[in-house]
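An overview of the molecular structure
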Amino acid sequence: MFRISRHSPTPARRTPPRTLAAALLALAFTCAALPYSGAAAEPRTADGTRSAAPRTLQVPAGVSAGVAVFDRQSGTFTEQLNASATFRSASVVKLLLALDFLWNRSPGGIPDADRARLDAMLRSSQDSAANHYWSTYGGPAIADRMITRLGLVDTARPPAGYEGYWGYTAISARDTVTIYRHILETAPADVRDFIMQRLRQSTRCASDSFDQHFGIAAAFNRPWAVKQGWSAFSAEGTCGTGSSTSARTQAGSAAPATGSADVDLSRPALHTTGTVGTGDRSIVAVLTLHPDGTSYGKAYTDLGRLTRSLNVPGRTAPTGTWYGTWGSDVAVRNDPALGDNLLTRLPAGVEVLVGCQKKGQAVSVPPYTNDWWAYLPQYGGYVTNIYISHPDDQLPDVPLCTEQH
């Protein structure tokens, strides 16, 4: 019997019960910390305009990263950093699960149940779908088959004792590029289109309520296609219009928080992989490990900063200014007002892109009161400026919103 791997092998930690007052306040937002000062803004020139994106690859302190960016137009790598280093794959291995199932099958002829599983696995990173393919088609043998078929040089089956954990399959940034090149350049056209269409339709909220539009999806404008991965975060998933949902834990016997001689199985992992630009010009693979105890929002932010620093041909950067946030369960709303207009909630302490700001309903979170709201173009909604990490009520370098917002 296979033990089944999930995004995070570490059981979720529940927050302590809140007081009645705090619970009432949480209907709008849940305050978890004091704001930190200063904005994480885009670089600007002396005349105040935004400068070009930084050209030096920026790996945040404490982060271990494997990076590869391949320009399909020139046939060359534009970035390589520890490109052969192996990381546990987390949900990036779902690309191999899909390819293995479709190896001798046409997507047009597969049963409806498999179409639905593959759709959820590739778009929303559904773990139960991955569990099905891993346990039904041989578990580690899937990794073995795909290593041979694609000529992968760093990928390896999960280590001994962890055969049931598909997320412990080892992978490298350069092998990830090879996987995407196979999908785009070698796989049958119907398989290519089936997989890439679903990666282009990646949902912001994954099936476990984690916000998965980090890295590539946040750093660059569409067109892009992504398959993300995350593991060992003990926080709750807050994405969506419902209340916070606990991160799903490992099914069967929980994996111990110990490492392996070849692949670190314990530190929080966050990976962004996919393509960027018209015609899938660039393939981007950024695999990262973060210090023990790193929050999802902090890892999300650090991975975003690293991804924005990459030389990615064909990319365009979204317009706006990056700011830190504070608090947890911070609501993104359809309008700059409280009420029945919740779009989603931010990962705690995550950095966000602010496009513009406007006055709306005054919000009080003692000792703060503010009637300015920030518009987040990547979410299509507003957060109160109270939760933007800047001391002023009105952000000094953010324009006013026009009528269309």
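Data block above holds the structure.
Reading the values: the criteria
Residue numbering note: each chain is counted from 1, following its sequence as written. In keeping with the predicted nature of the model, local features appear solely for residues at pLDDT of at least 70, side-chain atom pairs appear and are counted solely at 80 or more, and the whole-chain, interface and lining totals rest on all residues. Remark: hydrogens and water are excluded; side-chain values derive from all non-hydrogen atoms of the structure. Two strands are counted as paired when DSSP detects at least two bridges linking them. Put simply, DSSP H or I for four residues or longer makes a helix, DSSP E for two residues or longer makes a strand, and each gets a number counted from the N terminus. The axes are straight lines fitted to the C-alpha atoms, using for helices just the contacting stretch, and the angles between their N-to-C directions are given from 0 to 180°. Salt bridges are defined as contacts in which a side-chain nitrogen from Lys or Arg sits within 4 Å of a carboxyl oxygen from Asp or Glu. The buried label applies to any residue whose accessible area, calculated with a 1.4 Å probe on protein chains only, is under 20% of its type's maximum; exposed applies above 50%, and partly exposed to all values in between. Note on terminology: a nonpolar core comprises buried Ala, Val, Leu, Ile, Met, Phe, Trp, Tyr and Cys residues joined through side-chain atoms within 4.5 Å. Contact between two residues is taken to exist if any of their heavy atoms lie within 4.5 Å; hydrogens are not considered. Each pair of aromatic rings taken from Phe, Tyr and Trp, with Trp reduced to its six-membered ring, is defined by centres within 6.5 Å and is described as stacked if the planes are under 30 degrees apart, edge-to-face if over 60, and tilted in the remaining cases. Charges are assigned to positions over rings by a cutoff of 6 Å between ring centre and Lys NZ or Arg CZ, combined with an angular limit of 35 degrees from the ring normal. Just so you know how the angles are binned, under 35 degrees is roughly parallel, over 145 roughly antiparallel, 65 to 115 roughly perpendicular, and the rest oblique. Each crossing gets its handedness from the near helix: less than a right angle anticlockwise from the far helix is left-handed, clockwise is right-handed. Residues are grouped as follows: nonpolar covers Ala, Val, Leu, Ile, Met, Phe, Trp, Tyr, Cys and Pro; charged covers Asp, Glu, Lys and Arg; every other residue, Gly included, is treated as polar.

Within the open sheet, the 5 strands sit side by side as E2-E1-E7-E6-E5. Their pairing is antiparallel. Pairing within the sheet leaves two strands with one partner each, and these edge strands are strand E2 (76-81) and strand E5 (224-231). Across the sheet, the mean angle separating the axes of adjacent strands is 5° when strand polarity is ignored. Across 8 bridges, the pairing between strand E6 (residues 269-276) and strand E7 (residues 282-289) is antiparallel.

Enumeration according to the criterion identifies 19 salt bridges in this entry. Notably, a salt bridge pairs Arg181 with Glu185, separated by 3.2 Å at the nearest N-O pair. Pair noted here: Arg181 and Glu185 are both in helix H6 (residues 173-186), with a separation of 4 residues, about one helical turn. Ionic pairing is found between Arg308 and Glu351, a salt bridge with its closest N-O pair at 3.0 Å. Taken as a pair, Arg308 in helix H9 (residues 296-308) and Glu351 in the loop between strand E10 (342-345) and strand E11 (352-354) lie far apart in primary sequence, 43 residues in all. The exposure class assigned to Arg308 is buried, which follows from its relative accessible area of 16%. Looking at Glu351, the relative accessible area reads 4%, which means it is buried. Here the salt bridges do not stand alone but share partners, grouping Arg72, Arg181 and Glu185 into one network.

Along helix H4 (residues 127-136), the residues classified as buried are Asp127, Ala129, Ala130, Asn131, Tyr133 and Trp134. Phi for Gly138, located one or two positions after H4, is positive at around 110°.

What follows concerns the pairing of strand E13 (residues 368-376). In this structure, strand E12 (residues 356-365) lies alongside E13, joined through 7 bridges in antiparallel fashion. Following the sheet pairing, Val363 is matched in E13 by Asn370. Hairpin remark: E13 followed by strand E14 (residues 381-384), antiparallel, with 4 residues in the connecting loop; positive phi at Gly380, about 70°.

Core analysis: the largest hydrophobic core is formed by 49 residues, its most contacted members being Leu346 and Val354. For this core, the element with the most residues is H9, which contributes 5 residues. Among residues more than four places away in sequence, those in contact with Val354 are Gly320, Thr321, Tyr323, Ala374, Tyr375, Leu376, Pro377, Ile388, Leu395 and Val398. Membership of the second largest hydrophobic core comes to 46 residues, among which are Phe70, Ala130, Ile183 and Phe194.

What follows concerns the packing of aromatic side chains. The geometry of an aromatic ring pair is captured by the separation of the ring centres together with the interplanar angle, meaning the angle of the planes. Across all of its chains, the model carries 17 aromatic pairs by this definition. Each ring, one from Tyr162 and one from Tyr165, has its centre 6.1 Å from the other, and the planes form 55°; the classification is tilted. Note on accessibility: Tyr162 and Tyr165 belong to one class, buried. Aromatic ring contacts, followed pair by pair, group Phe210, Phe214, Trp230, Phe233, Tyr296 and Tyr300 into a single cluster. In this structure, Arg198 packs its charged tip against the face of Phe194, placed 3.7 Å from the ring centre.

With that out of the way, let us pick up unusual backbone geometry. Residue Pro223 follows Arg222 across a cis peptide bond; omega there is 10°. As for its position among the elements, Pro223 is in the loop between helix H8 (216-219) and E5. Omega for the peptide link from Pro366 to Pro367 comes to 10°, which places this bond in the cis form. Structurally, the position occupied by Pro367 is in the loop between E12 and E13. The backbone of Asn82 shows a phi angle near 50°, a positive value even though the residue is not glycine.

To continue, consider the packing of helix H3 (residues 112-123) against H4. Between H3 and H4, the least distance of the axes is 8 Å, while the angle of their chain directions is 120°. The orientation of H3 with respect to H4, classified from their angle, is oblique. At the point where H3 passes H4, the crossing takes the left-handed sense. On the side of H3, the interface is formed by Asp114, Arg117, Leu118 and Met121, while H4 contributes Ala129, Ala130, His132 and Tyr133. Looking at the contact of H3 with H4, its residues break down into 5 nonpolar, 1 polar and 2 charged.

A separate point is the environment of Trp103. Along the polypeptide, Trp103 turns up in the loop between helix H2 (94-101) and H3. What makes Trp103 partly exposed here is its relative accessible area of 30%. If we skip the residues at most four places from it in the chain, Trp103 touches Met146, Arg149, Leu150 and His182.

Just distances and angles here, no functional claims.
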